[in-house]
Amino acid sequence: MNSVLERIVQTQKVTDGSTTLPLRHPDFPQLAVAVDMPEGAFLQRLVNDVKPKISLEIGCAYGVSTLYICESLSRVSSGTRHIVIDPFQSSQWRGIGRKNVEDAGFGALVDFREDCRSISLSSTAGTHSTRYSSNSSSSTSFFALAASSRSTMPIVVR
Ligand SMILES: C[S@@+](CC[C@H](N)C(=O)[O-])C[C@H]1O[C@@H](n2cnc3c(N)ncnc32)[C@H](O)[C@@H]1O
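So, here is what we can say about the structure in this document. Fair warning: this is a prediction, and the values are worked out from it, not measured in the lab. (Residues numbered from 1 in each chain as written. Predicted model: local features only at pLDDT ≥ 70, side-chain atom pairs only at ≥ 80, totals over all residues.)

A short note on the packing of helix H3 (residues 64-76) against helix H4 (residues 96-103)
Point 1. The contact between H3 and H4 brings their axes to 9 Å, and the two run at 25°. Between H3 and H4, the crossing angle belongs to the class labelled roughly parallel. Taken as a pair, H3 and H4 cross one another with a handedness that is right-handed. Residue-level inspection shows Thr66, Leu67 and Cys70 of H3 in contact with H4, the latter providing Gly97, Asn100 and Val101.
Point 2. Split by residue class, the contact of H3 with H4 holds three nonpolar, three polar and no charged. (Axes fitted to C-alpha atoms, helices over the stretch in contact; angles between N-to-C directions. Helix = DSSP H or I, 4+ residues; strand = E, 2+ residues; numbered from the N terminus. Parallel < 35°, antiparallel > 145°, perpendicular 65-115°, else oblique. Left-handed = near helix turned anticlockwise from the far one by under 90°. Contact = placed C-beta atoms within 7 Å. Nonpolar A, V, L, I, M, F, W, Y, C, P; charged D, E, K, R; others polar.)

With respect to H4
Point 1. Buried residues dominate H4, accounting for six of its eight residues.
Point 2. Along H4, the residues that are buried comprise Ile96, Gly97, Arg98, Lys99, Asn100 and Val101.
Point 3. On its buried side, H4 packs onto helix H1 (3-11), strand E1 (13-15), H3 and strand E5 (110-113).
Point 4. At the C-terminal side of H4, Gly105 shows a positive phi close to 90°. (Buried ≥ 20, exposed ≤ 12 C-beta atoms within 10 Å, placed from the backbone.)

Remarks on the pairing of E5
Point 1. Alternating positions in E5 separate cleanly, Val110 and Phe112 being buried on one face and Asp111 and Arg113 remaining unburied on the opposite face.
Point 2. Summarising the sheet, strand E4 (residues 81-85) and E5 pair through four bridges and their orientation is parallel. Residue pairing for E5: Ile83 is matched across the bridge by Asp111.
Point 3. In terms of handedness, the path from E4 via H4 over to E5 forms a crossover that is right-handed. (Pairing = 2+ DSSP bridges. Right-handed = clockwise from strand over helix to strand, strands pointing away.)

Comments concerning the environment of Pro52
Point 1. Tracing the backbone shows Pro52 in strand E3 (residues 52-58).
Point 2. Put simply, Pro52 and Gly79 are 27 residues apart on the chain and 9.9 Å apart in space, counted from C-alpha to C-alpha.

Examining H3
Point 1. For H3, which comprises 13 residues, the first-to-last C-alpha distance of 19 Å matches the rise-based estimate of 18 Å (1.5 Å per residue) to within 8%.
Point 2. In terms of burial, H3 is largely enclosed, as 10 of its 13 residues are buried.
Point 3. For H3, the elements touching its buried residues are H1, helix H2 (37-50), E3, E4, H4 and E5. (Expected span 1.5 Å × (residues − 1).)

Laid out in structure tokens, this is it:
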């Protein structure tokens, strides 16, 4: 397991470099705010199975699911692009998710967007488009994979 992810899993804490925070929702501490290990393993199995050239994740928070996904993506194929959208990354999550991804060495793999309303996933299997509203502040988590050799696009919504 990547050392950044391992540290978060073991300590259940994250840091922006100066402040350490529990791996909980900042406004609702009773709520977990990341996938757990079985869910992370499920995401990794999906990546291993589909071997996507491009993937889309909506809702990054502290970056735990992104770390699971990137760890697997970096093993299965080269030249992949993982698009991550989170309009609240700098504000609510203090940029910690993005920092964790950089610290883990996955910065070049990830195309991070805080302001994005529509996205097109293009691959040799076709173009898949999805639209979503960035107006909602409700808890959103979404993961899509567009594979180079399949016409299907698995979608996980949590
Ligand atoms: C449960 S957290 C995601 C946890 C993360 N997937 C993980 O497992 O580590 C939900 C995330 O959705 C984001 N979010 C909420 N509304 C959104 C929207 N309209 N568009 C994109 N992201 C949104 C929040 O900022 C938060 O980062």
